[in-house]
Amino acid sequence: MKQNHPFLNRYFVDEHGRRVYAQPSVYGKVAKLLGLQKSRKILPLVKVVKQGEQVFIPLFVADKTQTVHANWTLTLESGEILTGKCKRNSIDLPRDLPLGYHQLSLNGTTAECRIIVTPERAYQPQELAEHKKLWGAILQLYTLRSEQNWGIGDFGDLAEFLTKLAEKGGDFVGLNPIHSLFPANPEGASPYSPSSRLWQNIAYINVGAIDAFQQSREAQAWFNSADIQRQLHEARQKDYVDYSQVMWLKLQGLRLAYEQFKQQDQTAFEQFIAENGEALKVQGTFDALHQWLSSQFSEQWGWNCWDAKYQDYHTASVQQFQQEQSDLVRFYMWLQFVAQQQLKACNELAKQLGMPIGFYRDLAVGVADNGAETWADKDLFVLGASVGAPPDIMAPQGQNWGLSPMHPEVLQERGYQPFIDLLRANMKDCGALRIDHILGFARLWWVSKGDSAKNGAYVKYPLEDLLSILALESQRHQCLIIAEALGTVPKGMLETLESKGILAYNIFYFEYDHQGSKPLANYPYQAMTTLSTHDLPTVQGYWKGYDFELGQKYGVYPNEKVLNILRNARHSNKEAIRRAVEAVQPLEADSAGVTQTFNHQLQSYVADTNSVLFGSQPEDWLNMLEPVNIPGTSTEYPNWRRKLSKTTQEIFADSSISQLLNTIEAKRNR
C-alpha cells in the first residue's frame, strides 16, 4: 500500500523536534488496519459547521459534465423541515441554522448527511467571566477511607468529602475515571483501561445507603453477622484496596438488596431502562455473562478469552443467555441504575453546597480490548491495533497501552454518534469534564497487535470536528472542559483549545521558562494548575527522587544513562523551584527532610497561580510518599490501590491541613 493513506501520518516529531519517519513495512501494517478509504458518495458523511457561518456543500459527481437537478430536505433537530433546490451541483443552506444535529437528504436518492451546527466556544461558568480564582482537591475516589465504607472509597465518601471541602471554601473535587471496569475480574483495577466508558464502576456504590438494603431483613442479618463485620473491618484497615475482597462483599450485599428491590415499585428503574436502551442492555449482559462464565471456568478475563459463541454481543448464543439468565442481566442493569442515582445525588449535593463546579469527571483515552464496548461494536473499534505512544527517552521501545482505537472513518460514517454518546455519558451529573490525552482528538499512535510499540504510526482524527462537537455538548450540559495535553503537543493545539474556551492542564513541575521556574503570574488564566497527577510522584516522592528509586527497582528505565540524565534534570529543576519560592516566601531547607511543613509551604506557593483552577492532592496534604501509580509497570507494583493514610474526618480535623486549606482559600480570594 502506498504511503499516502489519508488517515495516516508518515512521520512524528520527537521530543527534540526531529521528524521520525515510519518504516515502509510499519506504515503498511497500520495502513492495512485502516483499510482502503471508502468511495465517496454524492453527499459527505457528515458536515460540522459553526453557527452563523455559510453552509456550502458541494455534491460529489464522478462525471463532471453531469448536473444534478434535485431538491434537498433538511430536517432540523426540532422536527422543523426546510427545503430547497440544488444549484450548480451544490447545496447552500441558510446561515441561521440553530445549534444541534440536523439531517440533510437529497430527494430521489438514499444519500444523507448529518449537519452539526456548533457554538464558537465551550461552556464556562460565570465565575470565569468574573475572573475569579477557584480551588479544589484532586481525588482518586478509591483511596478515600472512612468508618463506613467497605474497603474502598465510594459515593458516600465522595459526598462526605464534598461537604468537608465546601466548608473550607473549596470549589471543586476532581475525580479519577469512574468508568465501568470488570466486576468478574476485580483485579483489573486501572481506571484508564475500562470495559466501557459509557457506564459506571459499580465498586463505587455505597451499598449501605440503598433503601432496599436497609429494608431487607436478610441483608441486615448478613451485614450484621460477626463474620461479615470482621471482613468489612479487615477491608477498611488494609492500606491497599483489596479489590477481590471488596467486590465479593459488595456483590453479596447488592444481590440481597436486589431481591428486596424486586418486591418494590419498579417505575423509576423501568424508565431508566427505557431511556438507556440497547447500550444499558449491552453492559448488563456483558457483566452478567462474564460472571456466569467465570463461575464455571478459570481465566475468563474478558470476551476474547470466552468460548467463541459468546465472543460477540450479536450472536444467537448471547441472545439465548439473555433469555435464560434474564434476572442476572437485569441485576447488573439495576447496579448501573443505583450507581447513576448515587452519582446524581452527589452532584445535587455539590450544588446545594454552593460549589461553582462541584466535581469533575475524567474521560479515559480509550477502552480495554476485551471489554463491553469492543464486544458490542467490532465495526467501530480496530481490534487489530493497540493505542500507545512513540519512543522517547523514557521509553525507547515506545508504549503500548492495550487500548483499542475507534476507526476515524467509521466515526464519520455514523455522524460522530459514538463520540457524542461518549460525551453525554460522561458529562452527566457533574460540573466539569477532564479529558485525558486530548491530543488523541488529533492523532493516536497505533501499533499492530503483537508488534513492538516502537513500530507504530500516528493515525489522524478530525480534531476540529471533535472539538466543535465537544463545545456543543459542553454548552448543552453546562459542563466546563479541562484538557490534559502533556507530552509533545502538535503545533497550534494549545491555541486551538484556548480559542474553544477549553481549559489547559498545567503541571507545576513541568512549567519553566528561560529564567527558571515559570513565574506563577505568567500562567494562563484559562487553565488548571496542579503540582502532581496520578502518573507522577507525590510532592515528597518528587523532592526525594523516590520515583527514580522505584523506577530503578521495577525496571522502568531503559539504562543507567537515562536515569542519570533524569536525576540531573530533577536536581536543576528543584534548585529553580527553590529560588522561585524563596524569592517570595520561606521554604524549609532540604536538610530538614521533606516534612509536612515543607510540603504545605510549596503548595501554598503554587496556590498563587494565575490559573482559574488550582488543584491539590490529599496525599500531599498528608505528606505521603508512596505513589498511586507507576507508569511503565503493571503487576510489579500495586497500581490503583494505595489508600490515603487517614480517613476523611481525620484529614479535615488535622490542624496543619486546616491551616493549609485556609491559606489556599485566602490566596484564591484576594
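The rules we used
Residues numbered from 1 in each chain as written. Predicted model: local features only at pLDDT ≥ 70, side-chain atom pairs only at ≥ 80, totals over all residues. Heavy atoms only, no water. UniProt positions renumbered as here; feature names shortened; annotations may be inferred. Helix = DSSP H or I, 4+ residues; strand = E, 2+ residues; numbered from the N terminus. Rg over C-alpha atoms; globule rule 2.2 N^0.38 Å. Contact = heavy atoms within 4.5 Å. Areas by Shrake-Rupley, 256 points an atom, 1.4 Å probe, with all protein chains shown as cover. Lys, Arg positive; Asp, Glu negative; His and termini not counted. Charge placed at Lys NZ, Arg CZ, Asp CG, Glu CD. Axes fitted to C-alpha atoms, helices over the stretch in contact; angles between N-to-C directions. Left-handed = near helix turned anticlockwise from the far one by under 90°. Nonpolar A, V, L, I, M, F, W, Y, C, P; charged D, E, K, R; others polar. Buried < 20%, exposed > 50% of the residue type's maximum accessible area, 1.4 Å probe, protein only. Domains from an automatic or database assignment. Core = buried A, V, L, I, M, F, W, Y, C linked by side-chain atoms within 4.5 Å. Pairing = 2+ DSSP bridges. Polar contact = N/O pair within 3.5 Å; in protein donor to acceptor, adjacent residues only side chain to side chain. Patch = residues over 30% accessible without salt bridge, like charges linked within 9 Å, V, L, I, M, F, W, Y side chains within 5 Å. Salt bridge = Lys/Arg side-chain N within 4 Å of Asp/Glu carboxyl O. Parallel < 35°, antiparallel > 145°, perpendicular 65-115°, else oblique.

The name recorded for the protein in an unreviewed UniProt entry is 4-alpha-glucanotransferase, from Actinobacillus minor NM305. Word for word, the UniProt comment on the protein under Sequence similarities (unreviewed entry) is "Belongs to the disproportionating enzyme family." UniProt's Catalytic activity (unreviewed entry) comment on the protein is quoted here verbatim: "Transfers a segment of a (1->4)-alpha-D-glucan to a new position in an acceptor, which may be glucose or a (1->4)-alpha-D-glucan."

Draft legend 1. Expanded view of the overall build of the protein. Looking only at helices and strands, the protein features 22 helices and 26 strands. Scaling as 2.2 N^0.38, a compact globule of 670 residues should have a C-alpha radius of gyration of about 26 Å, and the protein matches this with 26 Å. Considered along the principal axes of its C-alpha atoms, the protein spans approximately 80 × 70 × 50 Å. Long-range contacts, defined as pairs at least 24 residues apart, comprise 72% of the intrachain contacts of the protein with a sequence gap of at least 6. With the model as given, the accessible surface of the protein reaches about 28,100 Å², and the carbon-plus-sulfur share is 49%. Counting 65 positive and 73 negative side-chain charges, the protein places the averaged centre of each group 5 Å from the other.

Draft legend 2. Main features of the packing of helix 13 (residues 417-427) against helix 14 (residues 463-477). Look at helix 13 against helix 14: their axes get within 10 Å of each other, and the N-to-C directions meet at 35°. Between helix 13 and helix 14 lies a crossing whose hand is right-handed. Along its contact with helix 13, which presents F419, I420, L423, R424 and M427, the element helix 14 presents L466, I469, L470, E473, S474, R476 and H477. Of the residues belonging to the contact of helix 13 with helix 14, the class tally is seven nonpolar, two polar and three charged.

Draft legend 3. Quick peek at the environment of T488. For T488, the location among the structural elements is in the loop between strand 21 (480-483) and helix 15 (493-499). Classification of T488 as partly exposed rests on a relative accessible area of 36%. Along the primary structure T488 and D14 are separated by 474 residues, whereas in three dimensions their C-alpha atoms are 7.1 Å apart. Apart from the residues lying within four places of it in its own chain, the contact partners of T488 are V13, D14, E15, L439 and R443.

Draft legend 4. Representation of the domain arrangement of the protein. Along its sequence, the protein is carved into domain 1 (52-118) and domain 2 (141-170 + 173-343). A straight line from the C-alpha centre of domain 1 to that of domain 2 covers 46 Å.

Draft legend 5. Structural detail: the nonpolar core. Residues W334, I438, L470, F508, L602, L613 and W621 are the most contacted members of the largest nonpolar core, which totals 182 residues. If near-sequence neighbours (up to four positions away) are discounted, W621 is found in contact with A137, F161, L165, Q596, H600, Q603, S616, I651, F652, I657, L660 and L661. Core analysis: the next-biggest nonpolar cluster, separate from the first, contains 22 residues, I57, W72, L82 and I115 among them.

Draft legend 6. A look at the pairing of strand 3 (residues 46-50). Burial of strand 3 is extensive: four of the five residues sit out of reach of the surface. Pairing geometry for strand 3 and strand 9 (residues 112-118), over five bridges, is parallel. Looking at the pairing, K50 lines up with T118 of strand 9.

Draft legend 7. Looking closely at the side chain of T374. Considering the arrangement of structural elements, one finds T374 in helix 11 (residues 372-376). Within the structure, the side chain of T374 is placed 2.9 Å from the side chain of W303, a separation counted as a polar contact. Contacts of T374, omitting those with residues within four sequence positions, involve W303, V367, A368, D369, F381, L383 and S404.

Draft legend 8. Representation of the sheet that holds strand 11 (residues 172-175) in the model. The parallel open sheet is built from eight strands, whose spatial order is 21-18-14-11-10-26-25-22. The open sheet is flanked by strand 21 and strand 22 (504-507), the only strands paired with a single partner. When strand polarity is set aside, the average angle formed by the axes of neighbouring strands in this sheet is 25°. Helix 13 rests against strand 14 (358-363), strand 18 (432-435) and strand 21 of the sheet, and its axis sits at about 150° to strand 14.

Draft legend 9. Here's a closer look at unusual backbone geometry. Of note, Y416 is a non-glycine position whose phi angle comes to about 65°, a positive value. Structurally, Y416 is set in the loop between helix 12 (408-413) and helix 13.

Draft legend 10. Focus on the environment of F652. Mapped onto the secondary structure, F652 falls in helix 21 (residues 648-653). Apart from residues no more than four positions distant in its own chain, F652 is found in contact with F161, K164, L165, K168, W621 and L661.

Draft legend 11. Examining helix 19 (residues 596-606) more closely. Of all 11 residues in helix 19, nine are buried, a share of seventy percent or more. Along helix 19, the positions that sit buried rather than exposed are F598, N599, H600, Q601, L602, Q603, S604, Y605 and V606. Elements that come into contact with the buried residues of helix 19 comprise strand 25 (527-530), helix 16 (539-544), helix 18 (560-582), strand 26 (613-616), helix 20 (618-621) and helix 22 (655-668).

Draft legend 12. Summary view of a nonpolar patch on the surface. A grouping of I393, M394 and I565 is seen on the molecular surface, where their side chains present a nonpolar patch of about 220 Å² in accessible area. Mapped onto the elements, I565 comes out in helix 18. Here I565 falls in the partly exposed class, since its relative accessible area comes to 40%.

Draft legend 13. Representation of the sheet that holds strand 3 within the structure. The five strands lie next to each other as 3-9-8-5-6, forming an open sheet whose pairing is mixed. Since the sheet does not close on itself, it has two edges, and those belong to strand 3 and strand 6 (81-85), each with one partner. Across the sheet, the axes of successive neighbouring strands diverge by a mean angle of 25°, strand direction being ignored. Where strand 8 (residues 100-106) meets strand 9, six bridges bridge the pair, whose relative direction is antiparallel. By the bridge assignment, Y101 is partnered in strand 9 with I116.

Draft legend 14. Up close: the packing of helix 7 (residues 243-261) against helix 10 (residues 326-352). At a minimum axis separation of 11 Å, helix 7 and helix 10 run at an interaxial angle of 100°. Regarding the angle of helix 7 to helix 10, the classification is roughly perpendicular. When helix 7 is examined against helix 10, the residues L251, L254, R255, A257, Y258, E259 and F261 are found in contact with a partner set consisting of D327, L328, R330, F331, Y332, W334, L335 and F337. Here the residues of the contact of helix 7 with helix 10 are counted per class, giving 11 nonpolar, no polar and four charged.

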